[in-house]
Amino acid sequence: MDAVIFDLDGVLVDSEQAWDEVRRGVVATHGGAWTGEATRAMQGMSTPEWARYLVEELAADLTADEIAEVVVAEMARRYAAGPPVLPGAVEAVRAVGAARPVAIASSSPPVLIGAFLEFAELDGLVAVAVSSEQVAAGKPAPDVYLEAARRLGVDPARSAAVEDSTNGLRAAHAAGMTVVAVPNPHFPPDPAVLAETAAAVLDDIGELPAVVDRL
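What counts as what
Residues numbered from 1 in each chain as written. Predicted model: local features only at pLDDT ≥ 70, side-chain atom pairs only at ≥ 80, totals over all residues. Heavy atoms only, no water. Pairing = 2+ DSSP bridges. Helix = DSSP H or I, 4+ residues; strand = E, 2+ residues; numbered from the N terminus. Axes fitted to C-alpha atoms, helices over the stretch in contact; angles between N-to-C directions. Core = buried A, V, L, I, M, F, W, Y, C linked by side-chain atoms within 4.5 Å. Buried < 20%, exposed > 50% of the residue type's maximum accessible area, 1.4 Å probe, protein only. Contact = heavy atoms within 4.5 Å. Expected span 1.5 Å × (residues − 1). 1 Å grid on protein atoms, 1.4 Å probe; cavity = no way out; pocket = protein on both sides within 12 Å on 5 of 7 lines; lining within 4 Å. Points joined across faces, edges and corners; volume = space filled by probe spheres on them. Nonpolar A, V, L, I, M, F, W, Y, C, P; charged D, E, K, R; others polar.

## Comments concerning the sheet that holds strand β3 (residues 128-131)
Here's step 1: The strand order across the open sheet built from six strands is β3-β2-β1-β4-β5-β6, with neighbouring strands paired in parallel fashion. The sheet is open, and its two borders are formed by β3 and β6 (198-201), each paired with just one other strand. Within this sheet the neighbouring strands show an average axis-to-axis angle of 25°, counted without direction.
Here's step 2: Pairing of strand β1 (residues 3-6) with strand β4 (residues 159-163), which is carried by four bridges, proceeds in the parallel orientation. Counterpart to A3 in the pairing with β4 is S159.

Laid out in structure tokens, this is it:
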């Protein structure tokens, strides 16, 4: 592999539960109603996409811009004391990045990606960080992965993507990348999608450097 591109939420940061909790709270506070499929549906969406979903599908009584501002502000407040970095995640990025370029392709807004990179002291190593806010469509569309590869100057087909969610796996696979899955135990990906897209499935991100060397 010429490069490795990481998802952020659920792969490097244990934040999926926080996103879910914050969105649920805002929807409840503003007159909406959560549904059984909402959590999985929004995984991978860009900020404008999930904000519209909360308003249009879950009936939160705010504009999409207002609800995005409220949710992201609460997530930033939680990150202020330090993002919930997953055990072994920073070490895995450093080990992989010692041999090849690394990037982040995330649905998180740039402010949260930046907070993670600064806290983990990876901003000097991670050459490219792309938010799905900066491309035309969020995951499962491949846009954010293709843009990360373009900025790195690498062929997507010669790149590995590290993902945890159903929509993330679909996005990386659609980009033509070799997909390494680290399934989120709280919100596991669809088993059929996992089987269809992943070249390797890891129990722990600490296994990643050795696996990438074999791809």
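## Focus: the nonpolar core
Taken as a class, soluble globular proteins show a tendency for nonpolar side chains to be buried jointly.
Here's step 1: Counting residues in each nonpolar core, the largest one holds 52 residues, and the members touching the most others are F6, L12, W50, I104, F116 and L208.
Here's step 2: Examining the composition of this core, we find that six residues originate from one element, helix α4 (residues 64-79), more than from any other.
Here's step 3: Sequence-distant contacts of F6, that is, excluding residues within four places in its chain, are made with V11, L12, V93, V96, V102, A103, I104, A105, V162, I205 and L208.

## Things to note about helix α1 (residues 16-29)
For an α-helix, the turn length of 3.6 residues means that residues three or four places apart are oriented alike.
Here's step 1: Between the first and last C-alpha of α1 there are 20 Å, a value that for 14 residues agrees with the 20 Å anticipated at 1.5 Å per step.
Here's step 2: Restricting attention to buried positions, one finds in α1 the residues E16, A18, W19, D20, V22, R23, V26 and V27.
Here's step 3: On its buried face, α1 is in contact with α2 (38-42), α3 (47-56), α4 and α6 (110-119).
Here's step 4: Downstream of α1 by a residue or two, G31 has a phi angle that is positive, lying close to 80°.

## A look at empty space enclosed by the protein
Empty space among the atoms becomes visible once a probe the size of a water molecule is rolled across them.
Here's step 1: Overall, the coordinates contain two cavities of 30 Å³ or more when judged by the stated rule.
Here's step 2: Estimated volume of the largest cavity: approximately 150 Å³.
Here's step 3: Forming the walls of the largest cavity are 16 residues, and the residues nearest its centre are D9, E16, Q43, G44 and S107.
Here's step 4: With three residues, the top contributor of residues to the lining of the largest cavity is α1.
Here's step 5: Classifying every residue of the lining of the largest cavity gives four nonpolar, six polar and six charged.

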